[in-house]
Structure formats: C-alpha cells, structure tokens
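Here are the chains, one letter per residue:
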Protein chains: 2
Amino acid sequence: MSINELFKALSDENRRRILDLLRNGELTAGEIANHFDISKPGISQHLSVLKNADLVYAFKKGQYVYYSLNSTVFQDVMKWIIQFNSKGEN
Amino acid sequence: MSINELFKALSDENRRRILDLLRNGELTAGEIANHFDISKPGISQHLSVLKNADLVYAFKKGQYVYYSLNSTVFQDVMKWIIQFNSKGEN
DNA sequence: CTTTCATTTAAGTAATTACTTAATTACTTA
DNA sequence: TAAGTAATTAAGTAATTACTTAAATGAAAG
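Let me begin by describing the structure that accompanies this report. Note that the structure is predicted; figures quoted are calculated from it, not measured. (Residues numbered from 1 in each chain as written. Chains lettered and ligands numbered in written order. Predicted model: local features only at pLDDT ≥ 70, side-chain atom pairs only at ≥ 80, totals over all residues. Heavy atoms only, no water.)

## Some words on the environment of Ala58(A)
All names here are of chain A.
Step number 1: Mapped onto the elements of the fold, Ala58 is located in strand β2 (residues 56-61).
Step number 2: Judged by its relative accessible area of 33%, Ala58 falls in the partly exposed class.
Step number 3: Taking the C-alpha atoms as reference, Ala58 lies 32 Å from Phe84; in sequence the two are 26 residues apart.
Step number 4: Other than its neighbours up to four places away in sequence, Ala58 contacts Lys51, Val65, Tyr66 and Tyr67. (Helix = DSSP H or I, 4+ residues; strand = E, 2+ residues; numbered from the N terminus. Buried < 20%, exposed > 50% of the residue type's maximum accessible area, 1.4 Å probe, protein only. Contact = heavy atoms within 4.5 Å.)

## Notes on the interface of chain B and chain A
Step number 1: Chain B puts 26 residues into the contact, and the matching count from chain A is 26 residues.
Step number 2: Both sides of the chain B and chain A interface together cover about 2500 Å² of buried area, and 61% of this is carbon and sulfur.
Step number 3: A per-residue breakdown of the area chain B buries against chain A is headed by Arg16(B), Arg23(B) and Phe84(B), which together make up 27% of the total.
Step number 4: The interface formed by chain B and chain A holds 0 salt bridges in total.
Step number 5: Where chain B packs against chain A, one counts 4 residue pairs in polar contact (both at pLDDT 80 or more). (Buried area = accessible area lost by both parts, 1.4 Å probe. Salt bridge = Lys/Arg side-chain N within 4 Å of Asp/Glu carboxyl O. Polar contact = N/O pair within 3.5 Å; in protein donor to acceptor, adjacent residues only side chain to side chain.)

What follows is the structure, encoded as structure tokens:
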C-alpha cells in the first residue's frame, strides 16, 4: 500500500471507471465485468491492482466475490494533493 | 489537459519528486536534473509530460527554462478524489 | 563568427503494462 | 458425484513507457 502503488492504480482509465461504478454500492466481479468490453480475466486483474492498492475491499460470498470502495485510502491521495495548494510547509 | 493525462503524469515516482522539488519555488530544467540520476533528456521528457498535463508552467529566460508549479490543476484531482468520500451524488 | 552552455528533439531499446485465450479453483445445484 | 457458474491464475503478446546516447536548436560570451 505505497503511495506509488496508489497512483499507479489510479492511472488507468478503466480502473477509475471501476471505482466510479462502486460509488453506487458493492458489485460482484462479474457485474463489474459486464460494464466493460474487456474480458473477465482482464477485469479480474484490474480488480487485483485496486485491491493491492487498498482502494477496494473484496469479500467472498458463496461463489461470488463482492467488491466495494475503501474510501479511507482516498484520503492518503488527498493529503498528497493538499501539499501543493499550501505553500512549502511539510 | 484530460483527467487521464493528469493521473498518468502523477503515476510516475520521478515526476512526483519533480513536483515536490518545485514546491520550494521555481527551478531551471538543469537544476531539476541535478537532483536525479537520470540523464537531462530523460528529465526533459518528464517535464514535458508534466507541462502537457498543466501541472507545471514553463517560461524561457535567456538560455534557461524555468519551471514552476501550477497549483490550480491539483484542484481537478482533488475534485475527483472528493467524490469518493461523499456518497453517490454527482 | 565560432565556441560554449542549457535545453530539447530524435531514434533506438529494455522494461512494464494491459490485454488475450486456455486452464484451474472453488462453490452450487441437479 | 457430475455439470454448471463465478472468479482467478497462467502464459503469451502487443502496446506503452521510461530510459539511453547522439544530434539539433537557440541564446550568451569570447
């Protein structure tokens, strides 16, 4: 969960779209995949990147895996950004 | 100046270090390059990515090119992030 | 004017990334 | 227990990215 991993995860358009989808609530991997023209394994890999960056939670229920936002980590990005509005401290 | 270009620009560790350096004030391309183990053309390319994403200003003075932060664009990133703390509007 | 210095552009390469299809794992249900 | 469904892992490939060195541009100073 480095800041680098975090920015790398956010640098992909499709991954950001996934995060956007999850703003409306949790979704299964398959439901997420249905919104894209990418293969399911492709989406699975994106989800794995998001999970490793702690941007999403994943929990398994039966044969489904539910994904949801971990909004706390967005605050790390926020903190990083804030430095550039305030001058020179930190 | 798309949000995609912006996140792509921020996804590189060295480019983020450049932005960090510029928090203390403007620097010439050469001064920036001195802080890195990368060749000058390498740094020049990073600066070009940052400039295209509007994260930095560049102005030429004699044979030097001065780079400085454009803090307004950070607010675009901020706006994007904020969506994920507040629930579901927008 | 020609030499020097700062920077960028050009061209090539190695590493990384985003995908694909095929195979595997894990769970559910007939 | 066999067949079907959801998701992931594995392995390969095409595209992108981050670098390199060499060449070009442009301003300054001898």
